[in-house]
Amino acid sequence: MQQSELKLDGNSIGGLLGDIFAAEMTSASSTCAGCGAVNPMGRVDVYVNAPGVVVRCPACQSILMRVVRGRDRIWLDLSGTCCLELAAP
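Residues numbered from 1 in each chain as written. Predicted model: local features only at pLDDT ≥ 70, side-chain atom pairs only at ≥ 80, totals over all residues. Heavy atoms only, no water.

Visitor: So what's going on with the sheet that holds strand 1 (residues 29–32)? Which residues, and what values?
Guide: Spatially, 3 strands are ordered 2-1-7 in an open sheet, and the strand pairing comes out antiparallel. Bordering the open sheet on either side are strand 2 (38–40) and strand 7 (81–85), each of which pairs with just one other strand. Sheet twist, expressed as the mean angle between neighbouring strand axes with direction ignored, is 25°. Bridging between strand 1 and strand 7 involves 4 bridges; their strand directions are antiparallel. Within strand 7, the residue paired with Cys 32 across the bridge is Thr 81. (Pairing = 2+ DSSP bridges. Helix = DSSP H or I, 4+ residues; strand = E, 2+ residues; numbered from the N terminus. Axes fitted to C-alpha atoms, helices over the stretch in contact; angles between N-to-C directions.)

Visitor: A description of the pattern of salt bridges should follow, citing residues and the corresponding values.
Guide: Scanning the model with the defined rule gives 1 salt bridge in all. A salt bridge links Asp 77 to Arg 66; the shortest N-O distance between them is 2.2 Å. Of the two residues, Asp 77 is situated in strand 6 (residues 74–77) and Arg 66 in strand 5 (residues 63–69); the sequence distance between them amounts to 11 residues. Since its relative accessible area comes to 24%, Asp 77 is described here as partly exposed. (Salt bridge = Lys/Arg side-chain N within 4 Å of Asp/Glu carboxyl O. Buried < 20%, exposed > 50% of the residue type's maximum accessible area, 1.4 Å probe, protein only.)

Visitor: Please provide a residue-by-residue account of the nonpolar core, values included.
Guide: Membership of the largest hydrophobic core is limited to 9 residues, which are Ala 28, Cys 32, Ala 37, Met 41, Val 44, Val 55, Cys 57, Leu 64 and Met 65. Those residues in contact with Cys 32 that sit more than four places away from it in its chain are Ala 37, Cys 57, Cys 60, Ser 62, Leu 64, Gly 80 and Cys 82. (Core = buried A, V, L, I, M, F, W, Y, C linked by side-chain atoms within 4.5 Å. Contact = heavy atoms within 4.5 Å.)

Visitor: Before we move on, can you summarise the sheet that holds strand 5 with the specific residues and values?
Guide: Pairing is antiparallel across the open sheet formed by 4 strands, whose spatial order is 3-4-5-6. At either margin of the open sheet sits one strand with a lone partner, and together these are strand 3 (45–50) and strand 6. In this sheet, adjacent strand axes meet at a mean angle of 15° when their direction is disregarded. As judged from the 4 bridges shared by strand 5 and strand 6, these two strands associate in the antiparallel manner. Opposite Arg 69, over in strand 6, you have Ile 74 as the bridge partner.

Visitor: Describe unusual backbone geometry, naming the residues involved and giving the relevant values.
Guide: Despite not being glycine, Gln 61 has its phi angle at roughly 70°, a positive value. In this fold, Gln 61 is placed in the loop between strand 4 (52–56) and strand 5. On the basis of relative accessibility, which here comes to 31%, the residue Gln 61 falls in the partly exposed class.

Take a look at the structure:
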């Protein structure tokens, strides 16, 4: 099989992503892309006084994620998190 025959679009993981983010996230472990520190999400530094929420690594203060909520949308930037690990539902 060719690689192009195996490729699916993002709709194919809609259910999976719904299951993952419907889970309890405070016990999920995040790995900082900046320094490699691993912390449960319940221990990260969160700032809500911006136009959205900014989540920082408690070890190096790198931005792990940004969350902005609109009227009918949520923007989630996880570029500072190289890995997010949580228990399977």
